[in-house]
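Here are the chains, one letter per residue:
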There are 2 protein chains.
Amino acid sequence: MTGRLTVIGTGPGNPGQTTPEALEAIARGEMFFGYGPYLDRLDLRPDQRRIASDNREEIGRARAALDAAARGASVCVVSGGDPGVFAMAAAICEAVECGPETWRRLDIVILPGVTAMLAVAARAGAPLGHDFCAISLSDNLKPWEVIERRLRAVAEAGLVIALYNPISSARPWQLATAFKLLREILPVTTPVIFGRAVGRPDETFAVVELGDAGGQPADMATCVIIGSAETRLIERPGMDPLVYSPRSASA
Amino acid sequence: MTGRLTVIGTGPGNPGQTTPEALEAIARGEMFFGYGPYLDRLDLRPDQRRIASDNREEIGRARAALDAAARGASVCVVSGGDPGVFAMAAAICEAVECGPETWRRLDIVILPGVTAMLAVAARAGAPLGHDFCAISLSDNLKPWEVIERRLRAVAEAGLVIALYNPISSARPWQLATAFKLLREILPVTTPVIFGRAVGRPDETFAVVELGDAGGQPADMATCVIIGSAETRLIERPGMDPLVYSPRSASA
């Protein structure tokens, strides 16, 4: 008998943003593999088994989950946000490619979710209303030179930039260096949005200008959105401004 | 009295992908503004009013919705997918910026959703597993030269590309021209994914190589994902291949 492996995302953290199909998959699952804090968001029954692992052990976790599914279990692999954006879906694919032939015969289903940048954008207005990109600022798995080249290319091309994994205790300088590079290309008045745990009680959210960006609190779970030269800010009395990128672009 | 305006996304079309918080907003709404086919997906009560408008009338729709909210109604503006990605949230912001001062005092809430590229990516594997971008191929609101420059920049920088609005009867040649341009930069074996109505009964889904891309059926609702040079394809017996972009990148 062969089991099933479903890769799900819980959304950015507000329970109202977990899709019904992900909730159904959770209800059907027997074994749950994921980073502890993501598994903590699930309301599991006593008969459902929880296998937590550290943030940095993605391939090991993927292999353990595939192995359990190959033994016949109904397995859920749990990411925050969307599992396809800098998360477990790619790790599962990598493990399948390098693993035993039997893993290619498994029933693998990946369910999309609301990724962090969409929740942060919605909280701010519509900064991703026109062409944009998502870049991981982690240089654990790619050289920093590649990240700098990408940031330069997308900023010069006029795309709004969403940064994932902007900073951690092991990578303290990369975010400030990215802002410095972007200040050479974009106006210092470009809106920059910091969002973390948006929609949760511990939400942090701030909009600053690129010229002032750098000192704001941020960690691995913060999503940073940097506007293009066309991104605009609408002041509102007694409320946060609306930040948006117009649907049109000039030459 | 001032009403409330909530901008929601229904997700890509599979009802299991509409978030609980969007469903709650629909239950609370009195007036619903949107493109007819998106409003058709809602299960409205007889006391809820439906104001459908054409796909190309986004600013007029936004103004009408803001006006109704300013008169005290509880208004929902409805997009497919995520309302912040090439959809109504930016049109609402534009209308607020250009509209009467009273519109800046409205309670405007934007709720994120699952945007098309995430659903197409999940169906394929994890093609957005590393740095990627989303570009609208419509030259209705930006010059074609800007689109070509952006495509070239992101392909050369190694980002996976999700194309929205790839083709319509009024814009028949742009998608083929984009593939031609990308073939100058990327290997002809680069995986290209065509997804439309993913997760719905009328789903269309195909994976081809960039060298063969161009003849596949596509329309405004198709999302096309073009891999980077690092995107890989895993063949599986009796099943669709898994397409994914590794979490690592070389220099």
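Residues numbered from 1 in each chain as written. Chains lettered and ligands numbered in written order. Predicted model: local features only at pLDDT ≥ 70, side-chain atom pairs only at ≥ 80, totals over all residues. Heavy atoms only, no water.

Asker: How should the overall build of chain A be read in this particular structure?
Answerer: Within chain A, the secondary structure is distributed over seven helices and 13 strands. For chain A, whose C-alpha radius of gyration is 20 Å, the value lies close to the compact-globule estimate of 18 Å for 251 residues. With respect to the principal axes defined by its C-alpha atoms, chain A has extents near 60 × 40 × 35 Å. The buried share among the 251 residues of chain A stands at 60%. When the accessible surface of chain A is totalled, it reaches about 9,500 Å², and 50% of it is carbon and sulfur. Computed over 25 positive and 29 negative side-chain charges, the inter-centroid distance for chain A is 2 Å. (Helix = DSSP H or I, 4+ residues; strand = E, 2+ residues; numbered from the N terminus. Rg over C-alpha atoms; globule rule 2.2 N^0.38 Å. Buried < 20%, exposed > 50% of the residue type's maximum accessible area, 1.4 Å probe, protein only. Areas by Shrake-Rupley, 256 points an atom, 1.4 Å probe, with all protein chains shown as cover. Lys, Arg positive; Asp, Glu negative; His and termini not counted. Charge placed at Lys NZ, Arg CZ, Asp CG, Glu CD.)

Asker: Help me understand the environment of arginine 236 of chain A in this model?
Answerer: Locating arginine 236 of chain A in the fold gives a position in strand E12 (residues 232–236). Accessibility expressed as a relative area gives 11% for arginine 236 of chain A, which makes it buried. Put simply, arginine 236 of chain A and glutamate 30 of chain A are 206 residues apart on the chain and 49 Å apart in space, counted from C-alpha to C-alpha. Once you skip the residues sitting within four places of it in the chain, arginine 236 of chain A turns out to touch Pro241 and Leu242 of chain A together with Arg104, Leu106 and Ile108 of chain B. (Contact = heavy atoms within 4.5 Å.)

Asker: Is there a simple way to think about the interface of chain B and chain A in this case?
Answerer: Think of interface size as the accessible area that goes away when the parts come together; that is how it is often given. Each partner contributes residues to the interface: chain B has 73 residues there, and chain A has 73 residues. Contact between chain B and chain A buries roughly 6,200 Å² in total, counting both sides, with carbon and sulfur atoms accounting for 61%. Linking chain B with chain A are ten salt bridges. Among the salt bridges present, the one from arginine 247 of chain B reaches glutamate 58 of chain A, with a minimum N-O distance of 2.8 Å. Counting across the chain B and chain A interface gives 33 residue pairs in polar contact (both at pLDDT 80 or more). The biggest single contributor to the side of chain B that touches chain A is helix H4 (residues 88–98) of chain B, with seven residues. (Buried area = accessible area lost by both parts, 1.4 Å probe. Salt bridge = Lys/Arg side-chain N within 4 Å of Asp/Glu carboxyl O. Polar contact = N/O pair within 3.5 Å; in protein donor to acceptor, adjacent residues only side chain to side chain.)

Asker: Honestly, the UniProt feature "domain: Tetrapyrrole methylase" (unreviewed entry) in chain A in this entry has me stumped. Any pointers?
Answerer: Within this structure's numbering, the places UniProt gives as "domain: Tetrapyrrole methylase" (unreviewed entry) are residues 4–212 of chain A. Secondary structure content for residues 4–212 of chain A is 33% helix and 24% strand, while the C-alpha to C-alpha distance between its ends is 49 Å. (UniProt positions renumbered as here; feature names shortened; annotations may be inferred.)

Asker: For this particular structure, what's the right way to read the sheet that holds strand E6 (residues 125–126) of chain B?
Answerer: Sheets are built from strands paired through backbone hydrogen bonds, the pairs being either parallel or antiparallel. Within the open sheet, the three strands sit side by side as E6-E13-E12 (chain B). Their pairing is mixed. Looking at strand neighbours, the two that pair on one side only are E6 and strand E12 (232–236) of chain B, the edges of this open sheet. As paired elements, E6 of chain B and strand E13 (residues 239–244) of chain B share two bridges and run parallel to each other. Considered in E13 of chain B, the bridge of alanine 126 of chain B is made with tyrosine 244 of chain B. With respect to the sheet, helix H4 (residues 88–98) of chain A is in contact with E6, E12 and E13 of chain B, its orientation differing from that of E13 of chain B by roughly 115°. (Pairing = 2+ DSSP bridges. Axes fitted to C-alpha atoms, helices over the stretch in contact; angles between N-to-C directions.)

Asker: I keep staring at the domain arrangement of chain A and nothing clicks. Help me out?
Answerer: Residues and elements named next belong to chain A. For chain A, the assigned domains are domain 1 (4–110) and domain 2 (116–244). On a C-alpha basis, the centres of domain 1 and domain 2 stand 28 Å from each other. The interface is formed by eight residues belonging to domain 1 together with ten residues belonging to domain 2. For the pair domain 1 and domain 2, the summed buried area comes to about 750 Å², and 59% of that belongs to carbon and sulfur atoms. Between the two partners, domain 1 and domain 2, sit zero salt bridges. Classifying every residue of the side of domain 1 that touches domain 2 by side-chain character gives three nonpolar, three polar and two charged. (Domains from an automatic or database assignment. Nonpolar A, V, L, I, M, F, W, Y, C, P; charged D, E, K, R; others polar.)

Asker: Mind showing me how you'd approach the pairing of strand E11 (residues 222–226) of chain A here?
Answerer: As a general feature of sheets, a regular strand has side chains that alternate between the two faces. Residue and element names in this part refer to chain A. The element E11 is largely enclosed, with a buried count of five among its five residues. Side chains Thr222, Val224 and Ile226 project from E11 onto one buried face, and the interleaved Cys223 and Ile225 project onto a second face that is buried too. One ladder, built from three bridges, connects strand E8 (residues 160–164) with E11; its direction is antiparallel. Each bridged residue has a counterpart across the sheet, and for isoleucine 161 the counterpart in E11 is isoleucine 226. For strand E9 (residues 191–196) and E11, the ladder comprises five bridges, and the chain directions are antiparallel. The residue of E11 that forms the bridge with arginine 196 is threonine 222.

Asker: It is not clear to me how the packing of aromatic side chains should be interpreted in this structure. Could you clarify?
Answerer: Given two aromatic rings, one states the distance between the centres and the angle between the planes to describe the pair. Taken as a whole, this structure holds ten aromatic pairs over all chains when the rule is applied. The interplanar angle of 80° and the centroid separation of 5.3 Å between the aromatic rings of tyrosine 35 of chain B and tyrosine 38 of chain B together place this pair among those described as edge-to-face. With a centroid separation of 5.2 Å and 75° between ring planes, the pair formed by tryptophan 144 of chain B and tryptophan 173 of chain B is classed as edge-to-face. Placement of the pair is tryptophan 144 of chain B in helix H6 (residues 144–156) and tryptophan 173 of chain B in the loop between strand E8 (160–164) and helix H7 (174–183), with a sequence separation of 29 residues. Take tryptophan 144 of chain B: its relative accessible area is 10%, and that puts it in the buried class. Put simply, the rings of Phe86 and Tyr164 of chain A together with Phe132 of chain B pair up and form one aromatic cluster. (Phe/Tyr/Trp six-rings, centres within 6.5 Å; stacked < 30°, edge-to-face > 60°.)

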